[in-house]
Amino acid sequence: MVWALNALFSSPLASALTFKGGTSLSKAYRIIDRFSEDIDLTYDIRALIADLVDDDSALPGSRSQAGKWTRTVRDRLPDWIDTQVRPVLVEALERERLDVTLETGGADREKLLLHYPAHTLGTGYVSPVVTLEFGGRATGEPHQVMPIRCDMEGHVDGIQFPIASPQVMSVTRTFWEKATAAHVYCAQARIRGERYARHWHDLAAIARSPHFAGAVADRDVAQAVAEHKSLFFIEKDAEGAVIDYFEATGGKLQIVPEGPAREALAADYASMREDDIMIGDALSFDALMAACDTLAQAANALATNS
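Residues numbered from 1 in each chain as written. Predicted model: local features only at pLDDT ≥ 70, side-chain atom pairs only at ≥ 80, totals over all residues. Heavy atoms only, no water.

(A) A look at helix H5 (residues 171-188). Taking 1.5 Å of rise per residue, the 18 residues of H5 would be expected to cover 26 Å, and the 26 Å separating its terminal C-alpha atoms lies within 8% of that figure. With respect to burial, H5 is a largely interior element, 16 of its 18 residues being buried. Of the residues one or two after H5, Ala189 is the one with positive phi, at around 60 degrees. (Helix = DSSP H or I, 4+ residues; strand = E, 2+ residues; numbered from the N terminus. Expected span 1.5 Å × (residues − 1). Buried < 20%, exposed > 50% of the residue type's maximum accessible area, 1.4 Å probe, protein only.)

What follows is the structure, encoded as structure tokens:
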């Protein structure tokens, strides 16, 4: 994973790329204690569709314009990945003679998969592959360049591990991205694929970190996330009503599900624990939900009083 980051952020692509998501919380900020090797990356929308973006905010003026931008991003992103990103990785793999297979994946060809030989296999919850998933509907801001080192560095003699210096999304932005994703899940009462429980694990970890007070109190970033998702990620609740992200960030955040949705999330979290995704003693599911409930109460109180 660190090798892939180094290859990308040592290339001319670096200035318009941002490393984000749970893996950034693990590798850059050292906040979370779960195994996380997938790499989420944002390619600056201002670079990808420069002909459509006419100001630095990089937000469309309406939902209909957002739809046009989204379609254009979907058209252009796979070609950018194939013609700009893939050659960087292929050249680095050949130069270093690594036994890795590179494959394009994703329904919209928005992923690159680095398959490597596995020494042992667990339950299959984690596959021997590093997934690079690219998005192009945001700027990745706020962000900063941070050093990334391998977790095994210093534990194995005689091996020189790679290091990387990617541009990394702020914890504050990641917090509000994940909090609103959890809010949508609660409103829709349905799980979206495997490994979804990671968002709640990550939120609770942020809440225990020194970053939480600043993240939960940052109204500018909370507002920016609500505005961005209201344009690009329109979602409906279980009854068909459009979910209001401004309510979620403005004092009505709900991240603890109920009924079958809670049961589905508990099962997914149990799979994470079974395959030893967590490093150290992981919270029980009930304790995790209690921590997230406390988190939501703190966020709602601050939003209401601000």
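We are not done yet, so read on.
(B) Main features of unusual backbone geometry. Of the consecutive residues Glu141 and Pro142, the connecting peptide bond is found in the cis state with omega at -5 degrees. Here Pro142 lies in the loop between strand S5 (129-135) and strand S6 (143-145). One non-glycine residue, Arg30, lies in positive phi territory at about 55 degrees. Owing to a relative accessible area of 46%, Arg30 belongs among the partly exposed residues under this scheme. The backbone of Arg97 sits at a positive phi, close to 55 degrees, despite the residue not being glycine. Along the polypeptide, Arg97 turns up in the loop between helix H4 (63-96) and strand S3 (101-105).

(C) Summary view of the nonpolar core. The biggest cluster of nonpolar side chains holds 86 residues, and the ones touching the most others in it are Leu8, Trp80, Leu132, Phe134, Trp200 and Ile255. Broken down by element, the residue count for this core peaks at 11 residues, all from H4. Contact partners of Trp200, with chain neighbours within four places excluded, come to Ala182, Tyr185, Ile255, Pro257, Leu265, Leu288, Met289 and Cys292. (Core = buried A, V, L, I, M, F, W, Y, C linked by side-chain atoms within 4.5 Å. Contact = heavy atoms within 4.5 Å.)

(D) Seen up close, the state of the cysteines. Counted according to the given criterion, the structure contains 0 disulfides. Unpaired in terms of disulfides, Cys186 finds its nearest cysteine sulfur in Cys292, a separation of 9.2 Å. In this structure Cys186 comes out as buried when scored by relative accessible area, which is 14%. In this structure Cys292 comes out as buried when scored by relative accessible area, which is 0%. (Disulfide = S-S within 2.5 Å.)

(E) Quick look at the environment of Ala207. Here Ala207 shows up in helix H6 (residues 198-208). For Ala207, a relative accessible area of 29% puts it in the partly exposed group. Sequence separation between Ala207 and Met289 is 82 residues, and the spatial gap between their C-alpha atoms is 12 Å. With near-sequence residues (within four places) excluded, Ala207 lies in contact with Phe212 and Leu295.

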